[in-house]
Amino acid sequence: MSDSPALPCLIDDAGWCDAARRVPSPNCDERAPEMAVDMVVIHNIHLPPQPAGSREFGGSDIERLFTNSLNPAAHACYAELSALRVSAHFLIRRDGELLQFVSCQQRAWHAGVSSWQGRERCNDFSIGIELEGSDFVPFEAIQYRVLQSLLLALAARYPLQHLVGHSEIAPVRKTDPGPFFDWACLPAALGKLRQTGAV
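None of these values were measured; they are calculated from a predicted model.

**Student:** What is the right way to read the overall build of the chain from this model?
**Tutor:** Helices and strands together make up the secondary structure of the chain, namely five helices and 10 strands. Its C-alpha radius of gyration of 16 Å places the chain within 12% of the 16 Å reference for a compact globule of 199 residues. Expressed along its principal axes, the backbone C-alpha trace of the chain runs to roughly 45 × 40 × 35 Å. Every one of the 199 residues in the chain was classed for burial, and the buried ones make up 49%. Per element, the accessible surface of the chain, about 9200 Å² overall, is 55% carbon and sulfur. The centroid of the 17 positive side-chain charges in the chain is displaced by 1 Å from the centroid of its 23 negative side-chain charges.

Structure below.
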């Protein structure tokens, strides 16, 4: 992986990233006024489901899932998925495209039933970042570079204290971002979020 990060990005006062394509999701709500955003949760996602080891990605189904427009007839599992109301703040595609579905000022519905260090409902205080991928294949170098820039932008705007995988806040239910996610990709300035829980 190249050590060169993607171009810097900024999070504005309204919680939107200037480097992201906006795809607004209705699956969000307001955070409690006093709630500090101090966690980032890393996920992986791929639609439609692929056999283990498949490297076939792309298409618009992730966007459709997060915007409640998934065609239930397009895949055997989509009838159930289309009834879900889920979202994330960000998606990083395999080619490095960055999408934003929900303002960071709002609560996206990405973590589900979750807990970290005695605090329940991690959606309340977290930002969710999905990487297009799976538990079975490595992520792309460009995805890490975009993630680096995004994390630095988020750290500049919010008092981040925790950087976790979905599997760490919902270990019974979730395995992502999976064994191929390289936590060493984190910017050096944010490595302490993994080691000590605080910068």
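Read on for the rest.
**Student:** Which parts of the structure should I look at to understand the nonpolar core?
**Tutor:** Soluble globular proteins tend to pack their nonpolar side chains together in the buried interior. Core analysis: the largest hydrophobic core is formed by 30 residues, its most contacted members being Val 40, Phe 90, Ile 127, Ile 129 and Leu 154. Contributing elements (two or more residues each) for this core: β3 (39-45), β4 (90-92), β9 (126-132) and α3 (141-157). In this structure, Cys 28, Ala 88, Leu 91 and Val 102 belong to the second largest nonpolar core, which totals 15 residues.

**Student:** Help me understand the packing of aromatic side chains, please; the structure alone is not making it clear to me.
**Tutor:** We describe a pair of aromatic rings using the distance from one ring centre to the other and the angle between the two ring planes. Under the definition given, this model contains five aromatic pairs. Their ring planes at 85 degrees and their centres at 5.0 Å tell us that Phe 66 and Phe 101 sit as a pair that is edge-to-face. Of this pair, Phe 66 sits in helix α1 (residues 61-66) while Phe 101 sits in the loop between β5 (98-100) and β6 (106-108), placing them 35 residues apart in sequence. Take Phe 101: its relative accessible area is 1%, and that puts it in the buried class. Aromatic side chains Phe 139 and Phe 181 sit 5.9 Å apart centroid to centroid with 80 degrees between the ring planes, which places their arrangement in the edge-to-face category.

**Student:** Before we go on, may I ask you to explain the pairing of β9 in this structure?
**Tutor:** Consecutive residues of a regular strand have side chains that alternate between opposite faces of the sheet. The buried count for β9 comes to seven of seven residues, which makes it a mostly enclosed element. Side chains of β9 alternate between two faces, with Ser 126, Gly 128, Glu 130 and Glu 132 and Ile 127, Ile 129 and Leu 131 buried alike. Here β4 pairs with β9 via three bridges, running parallel. In the sheet register, Ile 92 faces β9, and the bridge partner there is Leu 131.

What counts, and where the lines are drawn
- Residues numbered from 1 in each chain as written.
- Predicted model: local features only at pLDDT ≥ 70, side-chain atom pairs only at ≥ 80, totals over all residues.
- Heavy atoms only, no water.
- Helix = DSSP H or I, 4+ residues; strand = E, 2+ residues; numbered from the N terminus.
- Rg over C-alpha atoms; globule rule 2.2 N^0.38 Å.
- Buried < 20%, exposed > 50% of the residue type's maximum accessible area, 1.4 Å probe, protein only.
- Areas by Shrake-Rupley, 256 points an atom, 1.4 Å probe, with all protein chains shown as cover.
- Lys, Arg positive; Asp, Glu negative; His and termini not counted.
- Charge placed at Lys NZ, Arg CZ, Asp CG, Glu CD.
- Core = buried A, V, L, I, M, F, W, Y, C linked by side-chain atoms within 4.5 Å.
- Phe/Tyr/Trp six-rings, centres within 6.5 Å; stacked < 30°, edge-to-face > 60°.
- Pairing = 2+ DSSP bridges.

Function cannot be read off these values alone, since they describe shape.
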